[in-house]
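Survey of secondary and tertiary structure
One-letter residues, chain by chain:
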Amino acid sequence: MEKKLLEGIRVVDFTTVIAGPLITKTMAAHGAEVIKIERRSRPGLFRLFGPYKDDILRPFNPWVNRGGSFGMWNTGKLSAALNLTHARGVEIAKQLVALADIVVENFAGGVMNKMGLGYEELKKVKPDIIMLSSCMQGQTGPHSNHPGYGTQLVNLSGFSNISGWPDREPAGIGPYTDYIAPRFSLMAIMAALDYRRRTGKGQYIDLSQYESSLHFMAPLILDNEVNGRVATRMGNRSLYAAPHGAYPCRDRHKDGWCAIAVYTDEEWESFCRVIGNPAWTREAKFSSLQARRQNEKELDRLVEEWTINLLPEDVTRRMREAEVPADELQTGDELSEHRPQVKHRSPYAAPHGAYRCRWEDRWCAIAVYTDEEWESFCRVIGNPAWTTDPRFATLEERKENEEELDRLIAAWTVNHSAEEVMSMMQTARVAAGIVASGEDTMEHDPQLKHRHLFWELEHPEIGNYHGVAPSFILSKCPCEIKRAPLMGEHNEYVLKEILGMSDDEVNELISKGVVE
Amino acid sequence: MKEDKVEGMLSPYRVLDLTDEKGLLCGKLLGDLGADVIKVERPGGDPARHTGPFYHDETDPEKSLFWFAYNNSKRGITLNIETADGQEILKRLIKTADFLLESFPPGYMDSLGLGYSALEKINPGLIMVSITPFGQTGPYKDFKASDIILWAMSGRMFSIGDADRPPLHISHHAQAYLQAGLEAAMAATMALYYRQMTGQGQQIDLSIQAAVAQPSNSTWDILKATPQRGGLGRSINIRLTRTWPCKDGLVTWFFMPGQFEGRRRNLAFVEWLDSKGMADDFLKEFDWDALDYATVTQETMDRLSEPTAKFFLAHTKLELLEGAVKHRILFYPQFTTTDILESAQLAARGYWAEMEHPELGTTIAYPGAFAHASETPPRISRRAPLIGEHNEEIYEKELCIPREELIALKQAGVV
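Residues numbered from 1 in each chain as written. Chains lettered and ligands numbered in written order. Predicted model: local features only at pLDDT ≥ 70, side-chain atom pairs only at ≥ 80, totals over all residues.

**Comments concerning the overall build of chain B**
This is how it is decided: In this text, helices come from DSSP runs of H or I with a minimum length of four residues, and strands from runs of E with a minimum of two, each type numbered from the N-terminal end. This entry defines residue contacts through backbone-placed C-beta atoms, with two residues in contact when those atoms are within 7 Å.
A tally of regular secondary structure across chain B gives 17 helices and eleven strands. Principal axes of the C-alpha set define a box for chain B whose edges measure 85 × 50 × 45 Å. Sequence separation of 24 or more characterises 69% of the internal contacts of chain B that already satisfy a separation of 6 or more.

**Focus on the overall build of chain A**
Which entries qualify depends on this criterion: With C-beta atoms placed from the backbone, a residue is buried if 20 or more other C-beta atoms are within 10 Å of its own, exposed if 12 or fewer are, and partly exposed between those counts.
Across its full length, chain A carries 21 helices and 15 strands. Taken across its 516 residues, chain A has 56% of its residues classed as buried. A sequence separation of at least 24 residues applies to 67% of the contacts in chain A between residues at least 6 apart.

**Re the domain arrangement of chain B**
Cut-off, in case you're wondering: Each domain's extent was defined by an automatic or database domain assignment.
By the assigned domains, chain B splits into domain 1 (14-215 + 349-411) and domain 2 (243-339). Taking only C-alpha atoms, the centre of domain 1 of chain B and the centre of domain 2 of chain B are 43 Å apart.

**Focus: the pairing of strand β10 (residues 362-366) of chain B**
Residue and element names in this part refer to chain B. Convention followed: A pair of strands counts as paired when DSSP detects no fewer than two bridges linking them.
With five bridges connecting them, strand β9 (residues 353-357) and β10 associate as antiparallel partners. Directly across from E356, in β10, lies its bridge partner T363. Hairpin connection between β9 and β10: a loop of four residues separates the two successive antiparallel strands, and G361 in this loop has a positive phi of roughly 65°.

**Side note on the interface of chain B and chain A**
In many analyses, interface size is given as the accessible surface area lost on bringing the parts together. Of the residues lining the interface, 116 residues belong to chain B; the matching set on chain A comes to 128 residues. Sorting elements by how many residues they give to the side of chain B that touches chain A places helix α7 (residues 175-198) of chain B first, with 14 residues. Relative to strand β11 (residues 372-373) of chain B, strand β6 (residues 203-208) of chain A runs antiparallel, the two being bridged by two bridges. Among the inter-strand pairings, D206 of chain A is bridged to a residue of β11 of chain B, identified as H372 of chain B.

**Side note on the environment of V230 of chain A**
With respect to the helices, strands and loops of the structure, V230 of chain A is situated in the loop between α9 (218-227) and β7 (244-248). In this structure, the C-alpha to C-alpha distance between V230 of chain A and L220 of chain A, residues ten residues apart in sequence, is 7.7 Å. Beyond its immediate stretch of four places on either side in the chain, V230 of chain A contacts N224 of chain A together with T336, T337 and T338 of chain B.

**Points about the nonpolar core**
Generally speaking, nonpolar side chains in soluble globular proteins are found buried as a group. What counts is decided by this rule: Residues enter a nonpolar core if they are buried, belong to Ala, Val, Leu, Ile, Met, Phe, Trp, Tyr or Cys, and are joined to the set through C-beta atoms within 7 Å.
With 248 residues, the main nonpolar core has C364 of chain A together with V129 and A188 of chain B as its most contacted residues. For this core, the element with the most residues is α7 of chain B, which contributes 15 residues.

**A short note on unusual backbone geometry**
With omega at 0°, the peptide bond leading from G52 of chain B into P53 of chain B counts as cis. For P53 of chain B, the position within the fold is in the loop between β2 (36-41) and α2 (65-71). We note that N383 of chain A has phi near 45°; this positive angle belongs to a residue other than glycine. Mapped onto the fold, N383 of chain A is located in the loop between α14 (371-380) and α15 (395-400). By the C-beta count within 10 Å, which is 11 here, N383 of chain A ends up exposed. For H56 of chain B, which is not glycine, the phi dihedral falls at a positive 50°. Mapping H56 of chain B onto the fold places it in the loop between β2 and α2. On the neighbour-count criterion, H56 of chain B (13 C-beta atoms within 10 Å) is partly exposed.

**Topic: the sheet that holds strand β5 (residues 127-132) of chain B**
As a reminder of what qualifies: In this analysis, axes come from line fits to C-alpha atoms, helices being fitted only over the stretch in contact, and the angle between any two N-to-C directions falls in the range 0 to 180 degrees.
Ordered by their spatial adjacency, seven strands build an open sheet running β15(A)-β6(B)-β5(B)-β4(B)-β1(B)-β2(B)-β3(B), and the pairing between neighbours is mixed. Each edge of the open sheet is held by one strand with a lone partner, namely β15 (472-474) of chain A together with β3 (75-78) of chain B. If you compare each strand with its neighbour and ignore which way they point, the axes differ by 20° on average. In terms of strand pairing, β15 of chain A meets strand β6 (residues 202-207) of chain B through three bridges, oriented antiparallel. Along β6 of chain B, the bridge assignment pairs I473 of chain A with D205 of chain B.

**Here we look at the sheet that holds strand β11 (residues 363-367) of chain A**
Residues and elements named next belong to chain A. With respect to topology, three strands assemble into an open sheet ordered β10-β11-β12, the strand pairing being antiparallel. Every interior strand has two partners, whereas the edge strands, β10 (352-356) and β12 (431-434), have only one. If you compare each strand with its neighbour and ignore which way they point, the axes differ by 20° on average. Sheet topology places β10 next to β11; five bridges connect them, and they run antiparallel. Residue pairing across strands places R356 opposite W363, the latter belonging to β11. Along the sheet, helix α16 (residues 402-413) makes contact with β10 and β11, crossing β10 at roughly 40°. Here helix α17 (residues 418-427) sits on the sheet and contacts β11 and β12; the angle it forms with β12, its principal contact strand, is near 160°.

**A few points about the packing of helix α1 (residues 24-32) of chain B against α7 of chain B**
All names here are of chain B. Convention followed: Throughout this description, any angle smaller than 35 degrees is read as roughly parallel, any larger than 145 degrees as roughly antiparallel, any in the 65 to 115 degree range as roughly perpendicular, and the remainder as oblique. In a left-handed crossing the near helix is turned counterclockwise from the far helix by less than a right angle, and in a right-handed crossing that turn is clockwise. Polar here means any residue outside two lists: the nonpolar Ala, Val, Leu, Ile, Met, Phe, Trp, Tyr, Cys and Pro, and the charged Asp, Glu, Lys and Arg; Gly therefore counts as polar.
As a packed pair, α1 and α7 sit with axes 7 Å apart at the nearest point and diverge in direction by 45°. Considered as vectors, α1 and α7 are oriented oblique to each other. Crossing of α1 over α7 shows right-handed handedness. Along the contact surface, α1 presents L24, L25, C26, L29 and L30, while α7 presents L178, G181, L182, A184, A185 and A188. Across the contact of α1 with α7, the residue classes break down as ten nonpolar, one polar and no charged.

**A short note on the confidence of the model for chain A**
Residues and elements named next belong to chain A. Note the threshold: The predictor attaches a confidence to each residue, and that confidence, scored 0 to 100, is pLDDT.
Looking at chain A as a whole, its pLDDT mean stands at 86, while 88% of the residues score no less than 70. Taken together, the stretch residues 236-241 has pLDDT below 50 and engages in 22 contacts with residues farther than four places along the chain or on a different chain. Residue range residues 330-344 is modelled with pLDDT below 50. Its contacts to residues more than four positions away, or to other chains, number 39 contacts.

**Some points on the packing of helix α1 (residues 21-29) of chain A against helix α7 (residues 177-199) of chain A**
All names here are of chain A. At a minimum axis separation of 8 Å, α1 and α7 run at an interaxial angle of 50°. The angle between α1 and α7 places the two elements in the oblique class. As for how α1 packs across α7, the hand of that crossing is right-handed. Counting all contacts with α1, which are made through L22, I23, T26 and M27, the residues of α7 involved are P182, S185 and L186. For the contact of α1 with α7, a count of residues per class yields five nonpolar, two polar and no charged.

**Here's the deal with the environment of K297 of chain A**
Residue and element names in this part refer to chain A. Summarising the element assignment, K297 is placed in helix α12 (residues 296-307). We classify K297 as exposed; it has 10 C-beta atoms within 10 Å. Considering only alpha carbons, one finds K297 and V230, 67 residues apart in sequence, at a separation of 9.6 Å.

**Topic: α14 of chain A**
Residue and element names in this part refer to chain A. To keep things clear, this is the line we draw: It is the directions from the helix axis to the C-beta atoms whose arc is reported.
Those residues of α14 that fall on the buried side of the exposure criterion are E373, W374 and F377. The buried residues of α14 occupy an angular sector of 100° when the element is viewed end-on, so they sit on one face. Exposed and facing more than 90 degrees away from the buried side of α14 are D371 and E372. Looking one or two places after α14, you find G382, whose phi comes out positive at around 90°.

**Here we look at the pairing of β5 of chain B**
Residues and elements named next belong to chain B. Counting buried positions along β5 yields six of six residues, so the element is predominantly enclosed. Judged by which residues are buried, β5 turns out to be covered on both faces: I127, V129 and I131 on one side and M128, S130 and T132 on the other are all buried. Pairing geometry for strand β4 (residues 99-102) and β5, over four bridges, is parallel. Paired with L101 across the bridge in β5 is V129. Looking at chain direction, β5 and β6 are connected through six bridges and run parallel. Its bridge partner lying in β6, M128 is registered against Q203.

See the structure below:
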């Protein structure tokens, strides 16, 4: 049996929920001994979090071993149930740290210090310990002790603001930062481990989930800093047009919207003519595309003042007569059948989006960048007459007529299953993929099966369930995914085998509630 | 550009970065950790240089802000690895390298005689990081992909968006590629540990689809159910407001059910409203233990919502953020990039890294160290390289290729 990558590395794991546990989960998958310190009397949130085996819908369920999320994010770890509000509990934790290489925690900033388990304390018992703290906003600064979860941090880090349809509120994207920060954390720990190997020195790593996640926003932050542009949910927004977006129109039934896109100066002039050349259109701040982009907020408000008095179809008709790209947006129930997606746009590709396919709520994503791909795409859908329409001849024109293009495509995709669309497109070398559900990825995707991403596990209380392997395959170091631990399952191993306690000592700790 | 030498966690190591946009972040992060990262671009520059946004909106391969963001902490050379001379030069560099990063289609490096089995013979300790949309092998290995395709096929798009509209992915630049680049850097440091223990390098076969699929949620696994887009995970019969307008933007908030986290959080919120004189009796006397979205009436929700909506409308994002911190409430306003740039917390931690761009006559502040570290903090060591900026430094000074030969290579389109 070959040595596993992290064999011999011991990790004391104080983490909870997602952003912490994912760090140590990957370490466990590659052979580290990860000892999770947790409390039966006050279990971490995910111990109590569904979905539960047998769908017990009570949201907070006392059966700490049945939570599916915990089971998935804590594969391969050991569990020691230790009450850290007891001085003796803290002492035992320190004894364990003295025999460990790495400590990981993701409490709110400062909590470990308060428990007497801060880096300075731990360094005393293990001078070369590597400790990583991962909290929302870092261990220093005015917001350091603010608790939170990824579902909130996506707001602060700007991801919510750029996710969703421009005519609606931001779409919930889940705790996206929870999947970014742990990768930064593990990378830092591994690099620190190499530094320790070379120099004998451990260190303390203070990782702010906020700061690390902002690297995923970097181009947009720079765009704001340098060009003054504030990125929003793009939807049909493009970097290359203004006005550009969905504008509210007169209330007919409920919601009425019209999308308008003005790319060129000629289109801008036509646009101004259509809206009756009001004085503001001649102002210098709207005289060029760049100026319009810079003053887009005000521009949008002024455009809205005009659109709000008209029906969406009137706006669309008038704009089109003047050759300004525009289209009525479909909302609510109108959209549910056979309607194209209104906006899901990339400035570099058209068609680009998720298209409704046969059967309920089945979709296929398609992205066509080059003219060659467009030709292949047309061949796949049988070269219907509309594909030769000059309005779709080039990427630029396809972008301009994207609403209509999408409608025509959806009329074709809806007659095929998502899998058929993907397969036909890929055979013709057009990028396409089904919008996979949990079932699709876990049960049906042959590529993920081939890579053995999901491991079938057997758990004493959950029964059969799956663990997730890392996304990378190391040619010489296979990973191994084992089930998550029951609460306190490894108390004996930790106390007796690692710390060398006697049965009497352990029993006393249990009777005092130090070990749970 | 001068680089001040500071000991980093990965200072002794060299990285050759042949990736395109799918893997650029990987080398940047290894560079932030102190490694000597050399970005190897095709002559004329990497295609990712044509990705916007651009400095002052000027479409120019030397002005891509996207390029700047993910290629700082690297030096840059140009090399055509499709020529025999180019391959020879690359192999010479590989002998000096610890990591080679690439994101070509599966089989491409092999076709050039630069596959792992060939490179391993030149440098047995080499860690070759290969990033592809679906992996090096398997039925989908040759599938074409883009950001949206990878979100779709990883299962992550299905649940994002509204029930009456198509599934969504995050707008703007390709988040899937950033996840892959980050995961690749993590995997590379893990393989480094193994090499130091055993002397052996290896190939890392990273699938972007699998990277994006990491957060696979357990709803299907445990319940064999597929949650609908836009819901709370199960059907409720009431209108539930989750995004609220405030004075200058949006905030996200909803009263969380449940006796533990939920009650604590809701009580703290009401206390906050009360401290501003904006909590009514209904809110103050509400029994949070009894809140269950499966049974609560619309009337109750409306009565909870009314003072909440008024409270948000009366405050700015910043006031609400400061209040949330003060009252320890799990709640954040929806920041735009402007709010991020103005964040007091980021400023207090010295987050922004100022990099000089002498050729633009300006200084740009970048998102800085991804973490603080007591011994060897990560840091941006230099701004992104210009096209072929370090050709002379590396080809002439380090590899000692004579100038005449270099000119000939240039004429032949090799560098």
